[in-house]
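One-letter residues, chain by chain:
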Amino acid sequence: QRRVRGFGFSRNLKNVSFISLLVGRLQPKYSHVHSLKLVITETQELFKTEAMTKEEISSFSQSIAFIFTKLESFITEYKRYFPPSEKNLKVFKLVIDIYCSIQNDPTNLRKVLQESGKIRYMAQENRADKETASFSEPEMQFLINWVYKEITGDLRQYGDIFPQEVKFITQIAKGMYQKLTYDMEQWASKPVGSEIKSGFDLMKSLQTFHKNLQSINELSKNLPLMDVGKVFSGFIRKFLEETSVRVDEWIPRSCESDQLVAQSNLIRHSTSVGDSFTVVRQALDYLISLHIGDSIHFYSQFTEIILKGVEEYIAFWELKIWWKEDLEKFAFPEQRKKTDRKGTAAKLSEALRSTSLSQLTERSTSTSDIPIEVEQIDQNTKIRFRSVIFQKMSEKEKVPLEINEKNCVWINNLHQLSHSIMEMKGLILKQIESSNCTDDAKQKIIHSVVSLFDQGFKLIESTSSHYLNRMTANVKSQMNATISRLLKCKVKEERKKIKAELITQLDSTSKFYELVYEDIFFNIILRKYWKFTSGAIKGIILVSPGGTLDALVVKKLINFIAKYFYGEGRGVSEDETNLYALYLNNLLDLTYLPNNELLLIQKELNSSSTPPSPSSATSNDVSSILQYRAMKK
């Protein structure tokens, strides 16, 4: 001031000259910064009342540009120039005030702060003295922890220095986080080898870091976070590949030692179904624990592994127990020797990998067992072979199976398998629904997952039905014959004997009750027997000419069967048994009508169609009219 005083300059020019001199020697000290603020404030006030010459404007513009450069260097490295203390923070506050008084728009200050975050991160990063891509997992862990420590420390120590609209900590966090994101993407993009666990450890640390950042109010909505599932997608894919391999290995291992024996009176399935899918469930729980976020397509890929496991489990048992005799019968002698020596279903199918169906048929002892069709069996033999043989040999449906513990435990295993994958389905759908993906993206993955699970349920159901049908086939044929004899018998004493036979046949269901789960017995088996029995009565009514059956005997049998299967509330529902009993009684009543009256009834009920004449009416015509009229009635 003394240097410029008394030279006849205008006040504006004096102030501008002083600013230039001061900025050239500006240090982060209170006296320097305070003086700068006073003279800038005075000059700004003078500008409002006095006109400026071109020389003054030029000098002032140059000074302001220099001030900006100097103040930005202070702000960019504020931790170096203003380490936390009451005195330093007071100076730093003046620096920010001067900067904001010159530049009203906070955008530039935000950019400076973001750059500050980047510079500090790179300084920390360079201490490793190596390329980013070669950072180790511990070094990346260190950087994550360092960034969080710096952000929270700055928020605590410098949070009150900046104007609210600048969002100081958001800018610092953005600068650091952008560099961290780049490093993390580079690290995770390298080929995944044996370090899959270290990758998931780092992934979980990053998720914890994100959770902590979101607990900071200013950052919760202003800091875009990386998609962790996408960044670590290579590790997740590798995990799914390894899981698929483990399932392939574990399921045969779990089944090998299982003899299809119930574990207890309460746990009526064997050990293999639980053991086989322990690996699958553990893998699903682990995948869920990874919190893969919006990368929900991985759940669809995991569902494929579940379906593959279901197919593998069913195929193994069919090859090991029920189809082994058929396969050995069709195998070449030298292949059969290999099979005997290796002794497992997996080895059996391995021996037959290159054998086509036409070759198997040529070696078969029965020419009608399998249709001649050339179809090479591929490497996925256990599943492929099952789909070929099992579907081709449909006549097996007619071959009865004994109602014994082994066969019933197999049904229980399928039932338990259905429960297991139903639980996994619910878990997977819950994770998809809770993601932040768009509704369209969610629905696309949900459709894929549900479709895959439906395939699994359909396979389990069709397999279970196949074996249940075979176990009930013998009883069904016996029951039909017994009911037919009973309804046609004219001798009362003889009817009593036949009815006793029928009750004995019906009571064979007690074997199922002892060996299968209660819901299988009541929901499936008992209902099958109910349909067999009531269907047999219906069939006899439809094929018997009017008046040939003793109506009283038939009605008594209908009522007896309905009460038997209702079982005082323990069996088929009363509504269902009563409704069908009413239908059968109505059907019986209609059999006593002449054919011409039945045809007139048909004409009345279906006036749009022309009924056949009474003379040309067939038994099928009459049967269809009887059923339709009975249902209407």
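Values in this document were obtained by computation on a predicted structure and should not be read as measured data.

Trainee: What is the right way to look at the overall build of the protein in this model?
Mentor: From N to C terminus, the protein includes 28 helices and zero strands. Classification of the 633 residues of the protein by burial places 45% in the buried group. Contacts spanning at least 24 positions in sequence make up 75% of the contacts within the protein whose residues lie at least 6 apart. Just so you have it, the protein exposes about 32400 Å², and 50% of that area is on carbon and sulfur atoms.

Trainee: What am I meant to see in the side chain of glutamine 505 here?
Mentor: Along the polypeptide, glutamine 505 turns up in helix 22 (residues 492-506). Separated by 2.8 Å, the side chains of glutamine 505 and threonine 482 make a polar contact. Not counting residues up to four positions away in its chain, the partners in contact with glutamine 505 are Val475, Gln478, Met479, Thr482 and Tyr529.

Trainee: For this particular structure, what's the right way to read unusual backbone geometry?
Mentor: Trans peptide bonds make up most of the peptide bonds, and negative phi angles are found at most residues other than glycine. In this model, lysine 167 sits at a positive phi of 55°, which is unusual for a non-glycine residue. Tracing the sequence through the fold places lysine 167 in the loop between helix 7 (137-158) and helix 8 (168-188). For lysine 167, a relative accessible area of 34% puts it in the partly exposed group. With phi around 55°, leucine 260 is a residue other than glycine that occupies positive phi space. Residue classification places leucine 260 among the buried positions, given a relative accessible area of 2%.

Trainee: Would you explain the pattern of salt bridges in this entry?
Mentor: Opposite charge on two side chains makes pairing possible when the charged atoms of those side chains draw close. Using the criterion set out here, one finds 15 salt bridges in the structure. The closest approach of N and O atoms between lysine 79 and aspartate 154, which form a salt bridge, is 3.6 Å. A residue pair is termed long-range when its members are at least 10 positions apart, and lysine 79 in helix 4 (residues 78-81) and aspartate 154 in helix 7 qualify at 75 residues. Overall, the relative accessible area of 29% leaves lysine 79 in the partly exposed class. Arginine 120 is the partner of aspartate 154 in a salt bridge, and the nearest nitrogen-oxygen pair spans 2.6 Å. Taken together, the residues span a long stretch of sequence, with aspartate 154 in helix 7 and arginine 120 in helix 6 (residues 107-125) at a distance of 34 residues. Each of the two residues, aspartate 154 as well as arginine 120, counts as buried. Among the ionic contacts, a cluster of salt bridges with common partners joins Lys79, Arg120, Glu150 and Asp154.

Trainee: Any chance you could explain the packing of aromatic side chains here in plain terms?
Mentor: Scanning the model with the defined rule gives 36 aromatic pairs in all. A ring pair is formed by tyrosine 78 and phenylalanine 168, whose centres lie 6.0 Å apart and whose planes are at 65°; its orientation type is edge-to-face. Of this pair, tyrosine 78 sits in helix 4 while phenylalanine 168 sits in helix 8; the two residues are 90 residues apart in sequence, bridging distant segments of the chain. We classify tyrosine 78 as buried; its relative accessible area is 0%. We classify phenylalanine 168 as buried; its relative accessible area is 3%. For the pair tryptophan 187 and phenylalanine 232, a centre-to-centre distance of 6.5 Å together with 55° between the ring planes defines the contact as tilted. Residue tryptophan 187 is located in helix 8, and its partner phenylalanine 232 is located in the loop between helix 11 (228-231) and helix 12 (233-256); the two are separated by 45 residues in the primary sequence. Phenylalanine 232 carries the same exposure label as tryptophan 187, and that label is buried. Of the aromatic side chains, those joined through ring pairs into one cluster are Phe74, Tyr78, Tyr81, Phe82, Phe92, Tyr158, Phe162 and Phe168.

Trainee: For this particular structure, what's the right way to read the nonpolar core?
Mentor: One finds Phe92, Leu180, Met184, Phe232, Phe302 and Phe512 to be the most contacted residues of the largest nonpolar core, which totals 150 residues. Considering every element that reaches this core, the biggest residue donor is helix 21 (residues 439-488), with 15 residues. Every residue in contact with phenylalanine 512, bar those within four places of it in the chain, is listed here: Ile403, Cys408, Leu468, Met471, Thr472, Phe521, Ile525 and Tyr529.

Trainee: Would you mind going over the packing of helix 21 against helix 24 (residues 518-543) with me for this structure?
Mentor: Describing two packed helices takes the angle between their axes plus the distance from one axis to the other. Two elements in contact, helix 21 and helix 24, have axes separated by 9 Å at closest approach and are oriented at 35°. At the point where helix 21 passes helix 24, the crossing takes the right-handed sense. Contacts between helix 21 and helix 24 involve Leu468, Asn469, Thr472, Val475, Lys476, Met479, Asn480, Ile483, Ser484 and Leu487 from the former and Ile524, Ile525, Lys528, Tyr529, Phe532, Thr533, Ala536, Ile537 and Ile540 from the latter.

Trainee: Looking at this structure, how should I read helix 21?
Mentor: Between its first and last C-alpha atoms helix 21 spans 64 Å; for 50 residues at 1.5 Å apiece the expected length is 74 Å, and the helix comes up short by more than 12%. The principal kink in helix 21, of about 40°, is found at threonine 472.

Trainee: I tried to follow the packing of helix 21 against helix 22 on my own but got confused; where do I start?
Mentor: It is at 9 Å that the axes of helix 21 and helix 22 come closest, and there the two elements cross at 160°. The pairing of helix 21 with helix 22 is recorded here as roughly antiparallel in orientation. For the element pair helix 21 and helix 22, the recorded crossing hand is left-handed. Side by side, helix 21 and helix 22 meet where Val475, Gln478, Met479, Thr482, Ile483, Arg485 and Leu486 of the first sit next to Arg495, Ile498, Lys499, Glu501, Leu502, Gln505 and Leu506 of the second. Residues belonging to the contact of helix 21 with helix 22 are distributed by class as follows: seven nonpolar, three polar and four charged.

Trainee: I keep staring at the side chain of threonine 472 and nothing clicks. Help me out?
Mentor: For threonine 472, the position within the fold is in helix 21. For threonine 472, a relative accessible area of 0% gives the class buried. Threonine 472 has contacts with Phe512, Lys528, Tyr529 and Phe532, leaving out every residue within four places of it along the chain.

Trainee: Looking at this structure, I do not really get the confidence of the model for the protein. What am I missing?
Mentor: Predicted coordinates in areas of low pLDDT are best not read in detail. Averaged over all residues, the pLDDT of the protein equals 79, while 76% of them reach at least 70. Here residues 3-9 is a poorly scored stretch, pLDDT under 50, and it has five contacts once near neighbours within four places are set aside; other chains count. Taken together, the stretch residues 608-619 has pLDDT below 50 and engages in 11 contacts with residues farther than four places along the chain or on a different chain.

Rules used in this analysis
- Residues numbered from 1 in each chain as written.
- Predicted model: local features only at pLDDT ≥ 70, side-chain atom pairs only at ≥ 80, totals over all residues.
- Heavy atoms only, no water.
- Helix = DSSP H or I, 4+ residues; strand = E, 2+ residues; numbered from the N terminus.
- Buried < 20%, exposed > 50% of the residue type's maximum accessible area, 1.4 Å probe, protein only.
- Contact = heavy atoms within 4.5 Å.
- Areas by Shrake-Rupley, 256 points an atom, 1.4 Å probe, with all protein chains shown as cover.
- Polar contact = N/O pair within 3.5 Å; in protein donor to acceptor, adjacent residues only side chain to side chain.
- Salt bridge = Lys/Arg side-chain N within 4 Å of Asp/Glu carboxyl O.
- Phe/Tyr/Trp six-rings, centres within 6.5 Å; stacked < 30°, edge-to-face > 60°.
- Core = buried A, V, L, I, M, F, W, Y, C linked by side-chain atoms within 4.5 Å.
- Axes fitted to C-alpha atoms, helices over the stretch in contact; angles between N-to-C directions.
- Left-handed = near helix turned anticlockwise from the far one by under 90°.
- Expected span 1.5 Å × (residues − 1).
- Bend = angle between axes of the 7 residues up to and from the residue.
- Parallel < 35°, antiparallel > 145°, perpendicular 65-115°, else oblique.
- Nonpolar A, V, L, I, M, F, W, Y, C, P; charged D, E, K, R; others polar.
- pLDDT = per-residue confidence, 0-100.

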